[in-house]
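Residue-level listing of the chains:
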Amino acid sequence: MSQALHPVDSEAALVRWATLSVEEVLRDLGGSPHGLREDQAREQRAKVGTNSVAAPDQEGLWRQLLGRLINPLNILLAVLAGVSWFSGNQESGVVILLMVGLSVSLGLWQERRSGRAAAALRAMVHTTATVLRPCREDAAVAAEDERLEVPIESLVPGDVIHLSAGDLVPADVRLLSAKDFFVNESALTGESLPVEKYVLCEPPGVEALHLRNTCYMGTHVASGSALAVVVQTGARATFGAIASVVSAEHVATSFDLGLSRFTWLMLRFMAVMVPLVFLINGLTKGDWMEALLFATAVAVGLTPEMLPMLVTVNLAKGALTMSRKKVIVKRLNAIQNLGAMDILCTDKTGTLTQDRIILERYVDVDGQPSDRVLELAYLNSYYQSGLKNLLDVAVLKYNEVHERLHEGGHYRKVDEIPFDFMRRRMSVVVEGQGERLLICKGAVEEVFSVCTQGERQGVRFSLDPSHLGALQDASRLLNEEGFRVIAIAYKRVEVQEGVATAHDESELVLLGYIAFLDPPKDSAREALRALTGHGLQVKILTGDNEIVTRKVCRDVGLTVEGVLLGHDIEAMTPEQLADAAEATQVFAKLSPMQKARVIEALRGRGHVVGFLGDGINDGPALKAADVGVSVDTAVDIAKESADIILLEKSLLVLDDGVSEGRKVFANILKYIRMGASSNFGNVLSVLGASAFLPFLPMAPIQVLTNNLLYDVSQTAIPTDQVDQEYLASPRRWEIGNIARFMLMMGPVSSVFDYLTFALMIWGFQALAPGGEALFHTGWLVESLLSQTVIIHVIRTSRLPFVQSRASTPLMWTSLAVCAVGVYLPYSPLAASLGLVALPWAYWPALALILLSYMGAMHLMKRWFARRYGWH
């Protein structure tokens, strides 16, 4: 990677390049108008490095380890370990550090594993640039076969690249030639309107971000085409230099904020409860050092130390599972946002339809078949540069037209007027068979606006506004049958010097229409039903016309009661748009910024909004959405803007991703619910027992051993299954609901702790001399087993083991930890842990307590779910 410049230095260098002539720029860079040879590019790359801004995924092992160690939970545990160690209880300190090590090592292992997998997945998403490579050193003209697609990381200063609509500008470049070239620079300047670029020498004193002959890394081409020479790459580019200064800044997602709120909820709870435990035990037992050690152990028990590891493992597992379902996650936390999404906005093309355009009809202005219309449409599509969309590909499949047109001599391209979103049409100028023609195609209204004549069976007639209704009727009849209609017009032009511009699209002859059909996907109806069943509203945001959109929506089973059009949105206030956006399912004739406005209006009403798009005009909407979703075949700007990338543009694939996002969140919530309620119940038990027992309710080392074994039992939660009804609606953080669950379920667990106390005191005389160890052992075993088995009750709203079973790994870890708990009083470790063998009569009593506890928790859980919902 090249060494970063300060943004001011980078901009100053750009201004210098902009004031030089093209010849001086190429000479200083050691290049030519035809680009660098491959050997020259390799030499340059060795000097300046690759064209990359940052490499966050290449973070070293030690930095990853440090990042995992430094978080509030681990710092707290390290302090508690230090307190235990220096208070003479080294065993407790070792156990606490063992718990930290378990959490950090498992999280680190999973992070590195998922990082390697993510790198391999990202390699499937290609971002390339078109670079010129001369075949020979003395090449006079750059031929078409010398244009190569190369990874943007391989670009170096001196490379000559070709840019066209939809391309991401891969480096800071100086223009060599440009044709109707507009660039969206909002990533740098915040200016939403595209800026036209020219091949001019800038006068001294121009501001760096207002250069008209320079394009900046990270911006994207809105329309037109250009050749440009790369002048600054990687961290030396303007965008790279700024990124190097702010690269450490990350905006917290709703998922991050939810985790933070829960962590601080538990820390505040500890700040109240742990001092109480310390004071009660110090005052009642008189041994303040022992009380401090016990309070320290209780604090460890209250700390959700496994949370960072479980979050990482859950998210990474979700990302890997989604990758097997053709969904690539660029940002792990986007998984939870995908699960929380309640509105999906999508274009119709390729999602509701097959994205397989067929040229079905080519007709004159009266709707009669016309070979002349097909021939001119073919010439236009064949000779246009830049992106060839699906309509062009459908036209070019008529190979017999190519052969027929070239029988009497070859046509050649003279010039081109590229498409842009304002004109909504494009033209080429071709010459052949003794004539020079300007051939224009585009939206019916826009082409009609520049026509003064029509042609019917070779005979021309004058057009006036009265013809518009009849022409629109012919177009509408095709629209209503599900066809996409493009108008074709032309005029003969004189052989003259100069280049064609949009002003030449005037006084044209309207020849007819070409009509395309994009059939509905067979899976669209099923996918929409699945998404609706999962609680998502699907809204269609398209730039296409209302009639075609209505027809496609009807074909896939969407009920369309009203369609909101782009020009209606322009006249609305934000409040009016928010009302309309919530009530409307289909939006048509939208501009890029109007799509973004609709999404922002929905988000303003509290919805979590996803947007699926792959076009040039989807960039603003992808950025505006909570979850931006694109596809591997999308244009560069769409892929760069997205959080999630689909390897197949299908709503069914996205539905799988939504379900996986909800599974990930559900499994994280299981640990949080379990930990919060169990910890609260344990503290209530500790406080009560500390008040009436003549000794500590449990030795510090026993508290820590209990917590360590319980944490081990929770490590398999990421593998757990999730009930189908939980996947039926969006899931978000509800800290209030978690706190309510903790306050209501915790006391239930305390009731059965007190039953255990009663059993040990009156059943086995644990208050008699020498009975302290027996009491500790009885409560440790009950506490460990009850916490371990109760996850199977709390993990589902159904009847556990009968209507809903945990995953096999979770079942086995639970059984293993329970077996260890039963074995500990009889193991060689018993003496060092302060445990003694339990009388055999204890075990049937314990079984009854555990079964009663599970039944009570199930009933309480069902009541809670009915009253407050199972969120």
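Note that this is a predicted model, so its numbers are computed, not measured.

### Regarding the overall build of the protein
So, step 1. Within the protein one finds 31 helices and 23 strands.
So, step 2. For the protein, with 871 residues in total, the buried portion stands at 57%.
So, step 3. For the protein, the proportion of contacts with a sequence separation of at least 24, taken over those separated by at least 6, is 75%.
So, step 4. Surface accessibility of the protein: about 36200 Å² in total, with carbon and sulfur atoms responsible for 58%.

### What to know about the packing of aromatic side chains
So, step 1. Under the defined criterion, the tally for this structure stands at 16 aromatic pairs.
So, step 2. Ring centres 6.1 Å apart and planes at 10 degrees place the aromatic pair Tyr826 and Trp840 in the stacked group. Of this pair, Tyr826 sits in the loop between helix H29 (808-823) and helix H30 (830-833) while Trp840 sits in the loop between H30 and helix H31 (842-868), placing them 14 residues apart in sequence.
So, step 3. Residue Trp840 is classed as exposed on the basis of its relative accessible area of 68%.

### Considering the confidence of the model for the protein
So, step 1. Summary statistics for the protein give a mean pLDDT of 81 and a share of 83% for residues scoring 70 or more.
So, step 2. Averaged over each element, pLDDT in the protein is lowest for helix H8 (residues 238-246) (54) and highest for H29 (95).
So, step 3. Ignoring residues within four places in sequence, the model shows residues 138-145, a span with pLDDT below 50, making eight contacts including any to other chains.
So, step 4. pLDDT under 50 marks residues 243-252. Its contacts with residues more than four places away, or in other chains, come to five contacts.

### A short note on the packing of helix H26 (residues 700-714) against helix H28 (residues 772-794)
So, step 1. Running from N to C, H26 and H28 cross one another at 20 degrees; their axes reach a closest spacing of 10 Å. Judged by the angle between their axes, H26 and H28 are roughly parallel. As for how H26 packs across H28, the hand of that crossing is right-handed. Residues Gln702, Asn706, Leu709, Tyr710, Ser713 and Gln714 of H26 touch H28, and the partners they reach there are His776, Leu780, Ser783, Leu784, Gln787, Thr788 and Ile791.
So, step 2. Broken down by class, the residue content of the contact of H26 with H28 amounts to five nonpolar, eight polar and no charged.

### Describing the sheet that holds strand E23 (residues 644-646)
So, step 1. If you walk across this open sheet you meet the eight strands as E8-E23-E22-E21-E9-E18-E20-E19, and the pairing is mixed. The open sheet has two edge strands, strand E8 (327-329) and strand E19 (563-565), and neither has a second partner. Strand-to-strand, the axes of this sheet are offset by a mean angle of 20 degrees, without reference to chain direction.
So, step 2. Pairing analysis gives three bridges linking E19 to strand E20 (residues 586-588), with the strands arranged parallel. Counted as the bridge partner of Leu564 is Phe587 from E20.
So, step 3. Across the sheet, helix H19 (residues 546-555) touches strand E18 (537-541), E19 and E20, and the angle it forms with E20 is around 150 degrees.

Analysis parameters
Residues numbered from 1 in each chain as written. Predicted model: local features only at pLDDT ≥ 70, side-chain atom pairs only at ≥ 80, totals over all residues. Heavy atoms only, no water. Helix = DSSP H or I, 4+ residues; strand = E, 2+ residues; numbered from the N terminus. Buried < 20%, exposed > 50% of the residue type's maximum accessible area, 1.4 Å probe, protein only. Contact = heavy atoms within 4.5 Å. Areas by Shrake-Rupley, 256 points an atom, 1.4 Å probe, with all protein chains shown as cover. Phe/Tyr/Trp six-rings, centres within 6.5 Å; stacked < 30°, edge-to-face > 60°. pLDDT = per-residue confidence, 0-100. Axes fitted to C-alpha atoms, helices over the stretch in contact; angles between N-to-C directions. Parallel < 35°, antiparallel > 145°, perpendicular 65-115°, else oblique. Left-handed = near helix turned anticlockwise from the far one by under 90°. Nonpolar A, V, L, I, M, F, W, Y, C, P; charged D, E, K, R; others polar. Pairing = 2+ DSSP bridges.

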